[in-house]
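# Examining the three-dimensional arrangement
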Amino acid sequence: MRRSLVSIVFAALLVVRAAAYVAQTDAGLSGASEDRWVVQHPYESKNPLKRVILLGSATVGTRSGKAVLIVGCHPDDGGVSTVGVRLRDGGMGFDLDAFEGEDGAGTHRKLLTFALSDSPPIVRTVNGSGQEGNEFELDFEPSMPELRRLLSSASAGKPFILTLHPPSGKGPVLVMHFQLPADNGALKIAISPCLH
């Protein structure tokens, strides 16, 4: 009896801890703003990951929803940066399931296009993963020139538009639109450890 009570208490503590972890790592995304970068340290441990988030929009045909741009830097191992978009309203009819996991369509084919300020469009691969609450996240590791372009004064205050093409080549594309803030100081602070 005592052993089962200890097991129940332990299991309850694990559930509470897991819920707190999910809340801490994801709830901060709700603090995103459309007009300024919000800096976050999403993990309570000594994990050095920093990220900045920015609220934007996503459209598929006539459907629209919210999106959060996430730019992160993990300074360990020489500095690894990521650019991601969390889609808040599901896929809005777009087949995001096709992009799920390491075998997703976007990991083998260049189906993501993005443009920074007046630079030519960049076409690349992208990873995808389902998230809690009907959300989906797309992300990629930018090249150093792409990261520097994002940080440049030429990109500050300009639109950042990402377009995801369906793997079938048929149907509407998913367009994610963000207006980069004119003040990119918070972005530079968060990402500078990953510049090399």
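Each remark here, short or long, concerns the structure printed above.
Bear in mind the structure is a predicted one, so any value in this text is a computation, not a measurement.

### So, the pairing of strand 5 (residues 112–116)
The buried fraction of strand 5 amounts to 4 of the 5 residues, a majority that puts the element mostly inside the structure. Note that strand 5 and strand 6 (residues 122–124) share 3 bridges and pair antiparallel. Within the sheet, the bridge partner assigned to F114 lies in strand 6 and is I122.

### Brief notes about the state of the cysteines
Taken as a whole, this structure holds 1 disulfide when the rule is applied. Covalent S-S linkage joins C73 and C194, the inter-sulfur distance amounting to 2.1 Å. Around the S-S axis, the bridge from C73 to C194 shows a dihedral of about 100 degrees and counts as right-handed. Of the two residues, C73 sits in strand 3 (residues 63–74) while C194 sits in the segment after helix 4 (185–191), which places them 121 residues apart along the sequence. Under the relative-accessibility criterion, C194 is labelled buried at 1%.

### Digging into the pairing of strand 3
Two strands pair when backbone bridges link them, and strand 2 (residues 50–60) and strand 3 are joined in this way by 11 bridges, in the antiparallel orientation. The partner of K50 across the bridge, within strand 3, is C73. Counted between consecutive antiparallel strands, the loop separating strand 2 from strand 3 contains 2 residues, among which G61 sits at a positive phi close to 60 degrees. Bridge count for strand 3 against strand 4 (residues 80–87) is 8 bridges, and the pairing is antiparallel. Along strand 4, the bridge assignment pairs I70 with G84.

### Focus on the side chain of T163
Note that T163 resides in strand 9 (residues 159–164). Classification of T163 by relative accessible area gives buried; the value is 17%. Setting aside its immediate chain neighbours within four residues, T163 contacts L111, L112, T113, V173, L174, V175 and M176.

### Examining the environment of S155
Structurally, the position occupied by S155 is in the loop between helix 3 (144–151) and strand 9. Distance in space between the C-alpha atoms of S155 and Q179 is 9.8 Å, their sequence separation being 24 residues. Of note is the side chain of S155, whose polar atom sits 2.7 Å from the backbone oxygen of R149.

### So, the packing of aromatic side chains
Applying the stated criterion across every chain yields a total of 3 aromatic pairs. Where F114 meets F140, the ring centres are 5.2 Å apart and the plane angle is 20 degrees; that geometry is what we call stacked. Of the two residues, F114 is situated in strand 5 and F140 in strand 8 (residues 135–140); the sequence distance between them amounts to 26 residues. Ring centres 5.8 Å apart and planes at 80 degrees place the aromatic pair F114 and F160 in the edge-to-face group. Taken as a pair, F114 in strand 5 and F160 in strand 9 lie far apart in primary sequence, 46 residues in all. Here F160 falls in the buried class, since its relative accessible area comes to 2%. Through successive ring pairs, a cluster of aromatic residues spans F114, F140 and F160.

### Examining the side chain of N184
Relative to the helices and strands, N184 is located in the loop between strand 10 (174–179) and helix 4. A polar side-chain atom of N184 sits 2.8 Å from the main-chain carbonyl oxygen of L151. For N184, the contacting residues outside a window of four places in its chain are W37, L151, S152, S153 and A156.

### Description of the pattern of salt bridges
On inspection of all chains with the given rule, the structure shows 3 salt bridges. We note a salt bridge from R86 to E135, for which the minimum N-O separation is 3.1 Å. In this pair, R86 is assigned in strand 4 and E135 in strand 8, connecting sequence segments 49 residues apart. Its relative accessible area of 3% is what places R86 among the buried residues. Residue R86 is joined to E137 by a salt bridge in which the shortest nitrogen-to-oxygen separation is 2.7 Å. You can see R86 sitting in strand 4 and its partner E137 sitting in strand 8, a full 51 residues away along the chain.

The rules behind these values
Residues numbered from 1 in each chain as written. Predicted model: local features only at pLDDT ≥ 70, side-chain atom pairs only at ≥ 80, totals over all residues. Heavy atoms only, no water. Buried < 20%, exposed > 50% of the residue type's maximum accessible area, 1.4 Å probe, protein only. Helix = DSSP H or I, 4+ residues; strand = E, 2+ residues; numbered from the N terminus. Pairing = 2+ DSSP bridges. Disulfide = S-S within 2.5 Å. Contact = heavy atoms within 4.5 Å. Polar contact = N/O pair within 3.5 Å; in protein donor to acceptor, adjacent residues only side chain to side chain. Phe/Tyr/Trp six-rings, centres within 6.5 Å; stacked < 30°, edge-to-face > 60°. Salt bridge = Lys/Arg side-chain N within 4 Å of Asp/Glu carboxyl O.

Any functional reading would require information beyond the geometric quantities listed.
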